[in-house]
Amino acid sequence: QAQLEESGGGLVEGGGSLRLSCGASGSAFSTYARAWFRQAPGKERMFVAVINWSGTQTYYGDSVKGRFTISRDNVNNTVYLQMNSLKPEDTAIYYCAAAPFMGRGTNEYRAWGQGTQVTVSS
C-alpha cells in the first residue's frame, strides 16, 4: 500500500525556520495534489498549504501566507514545506496528504502520513 512519510519536525525558537519533507513510496501520488495540514492539541486539523501535481499552483491558509512555502520535487516524489518566521502558535503536528485534486478540507484527502511534531518556543 502506498504510503506518505513526513520528516523534518523539531523544536525551534520563535522567528526561526524549519523545512518539512513528505516522501511517498515509489511513484505513488506523483500525479496527485499534495497538501499540508496541522493539528494543535485540542483543536481540529487545519489546512496549511496545497500544491498541484505539476507544482504550478499553490494555495495557503491565511495564518501562514507569506511565511510558509510549499514546493515539490517530482523526480524524488517529495513535497516540502519551508516554514519561516515561526511563531509559537505554529506549534502542532504537521501532516501531509495526497488527493487527485487540490482541496482545503480534510475530507477531500484519503492518503495521510503519520505526522511530524513542530514545536516553536517563545
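Rules and cut-offs
- Residues numbered from 1 in each chain as written.
- Predicted model: local features only at pLDDT ≥ 70, side-chain atom pairs only at ≥ 80, totals over all residues.
- Heavy atoms only, no water.
- Salt bridge = Lys/Arg side-chain N within 4 Å of Asp/Glu carboxyl O.
- Helix = DSSP H or I, 4+ residues; strand = E, 2+ residues; numbered from the N terminus.
- Buried < 20%, exposed > 50% of the residue type's maximum accessible area, 1.4 Å probe, protein only.
- Phe/Tyr/Trp six-rings, centres within 6.5 Å; stacked < 30°, edge-to-face > 60°.

Engineer: Can you lay out the pattern of salt bridges for me, pointing to particular residues and giving the numbers?
Structural biologist: Evaluation of the coordinates by the stated rule reveals 3 salt bridges. Close ionic contact of R38 with D90 constitutes a salt bridge, the shortest N to O distance being 2.9 Å. With R38 in strand β4 (residues 33-39) and D90 in the loop between β8 (78-83) and β9 (92-99), this residue pair connects regions lying 52 residues apart in the sequence. This pair shows no difference in class: R38 is buried, exactly as D90 is. One salt bridge connects K65 with D62, and the closest N-O pair in it is separated by 3.1 Å. When its relative accessible area of 67% is taken as the criterion, D62 is described as exposed. When salt bridges with common partners are traced through the structure, they connect R38, R67 and D90 into a single cluster.

Engineer: Would you mind going over the packing of aromatic side chains in detail, with residue names and values included?
Structural biologist: A full pass over the atoms with the stated rule returns 6 aromatic pairs. Measuring from centroid to centroid gives 6.5 Å for Y95 and W112, while their planes differ by 85°, and the two rings are edge-to-face. Separated by 17 residues along the polypeptide, Y95 in strand β9 and W112 in strand β10 (residues 111-112) bring together distant segments of the chain. Where Y109 meets W112, the ring centres are 6.2 Å apart and the plane angle is 65°; that geometry is what we call edge-to-face.

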